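An overview of the molecular structure
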Amino acid sequence: MSKKIIPLLLFVLIAGTAFAQSAIGLKKIAPFQITLTNGKPYNASQLGPGPVVLMYFSPDCDHCQNFTKALLKNYTVMTNKQLVMITFQSMEMIKKFEKDYNLAAYPNIKLGTEGTSYLVQKYYQIRSFPYLAMYDKTGKLVKIYEGEQPYTEIFKTLKSF
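As the structure is a prediction and not an experimental result, all values here were calculated from the model.

Focus on unusual backbone geometry
- Cis geometry is adopted by the peptide bond preceding P130, which originates at F129 and carries an omega value of -10°.
- Structurally, P130 can be placed in the loop between α4 (119-124) and β6 (131-135).
- Backbone geometry at N80 places phi at a positive 70°, although glycine is not the residue there.
- Its place among the elements puts N80 in the loop between α2 (62-73) and β4 (82-87).
- Unlike most non-glycine residues, Q125 shows phi in positive territory, near 55°.
- Positionally, Q125 belongs in the loop between α4 and β6.

Written out as structure tokens, the structure reads:
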């Protein structure tokens, strides 16, 4: 009997994972709650109108650092878009990251930590960094990029909405 149950459980597990991944396309932006580097709380309901890019990252991730550098060099792709950079790391780490990249100079960038709630990580089932979820001005998911990706493709997508 157990020989029949194991393949069935394996199928259910695989199908469930595939469904969860495909269901992401139906979701709105994560109901995030973060603490900004200035110590103030910030959540999804405080977003202004217009397109939003949610970036989940780690300040000590080389791919995240390189992407941030490239994004700032090509900042015109972020015109009219809000960028919310979220991590689980400590406030000390994100304050250093903010200073290293002069992110405070960009009013449309919010940088904060969700701490150990991992709400955003669980919501998107994030497995690698950086993780980018892009939403158009109506709140519809445009595209997700996870892990190291060609910057030209990401910037092309950012220009398209």
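Re the sheet that holds strand β5 (residues 109-113)
- Taken in spatial order, the seven strands make up an open sheet running β2-β1-β5-β4-β3-β6-β7, and their pairing is mixed. Each edge of the sheet is formed by a strand with only one pairing partner; in this case those strands are β2 (41-43) and β7 (141-146). Here the strands of the sheet are splayed against their neighbours by 30° on average, with no regard to which way each runs.
- Where strand β3 (residues 52-56) meets β6, five bridges bridge the pair, whose relative direction is antiparallel. Opposite V53, over in β6, you have M134 as the bridge partner.
- Helix α3 (residues 91-100) rests against β1 (33-36), β4 and β5 of the sheet, and its axis sits at about 155° to β5.
- Sitting on the sheet, helix α5 (residues 151-159) touches β3, β6 and β7, and the angle it makes with β7 is about 165°.

So, how was this worked out
Residues numbered from 1 in each chain as written. Predicted model: local features only at pLDDT ≥ 70, side-chain atom pairs only at ≥ 80, totals over all residues. Heavy atoms only, no water. Helix = DSSP H or I, 4+ residues; strand = E, 2+ residues; numbered from the N terminus. Pairing = 2+ DSSP bridges. Axes fitted to C-alpha atoms, helices over the stretch in contact; angles between N-to-C directions. Contact = heavy atoms within 4.5 Å.

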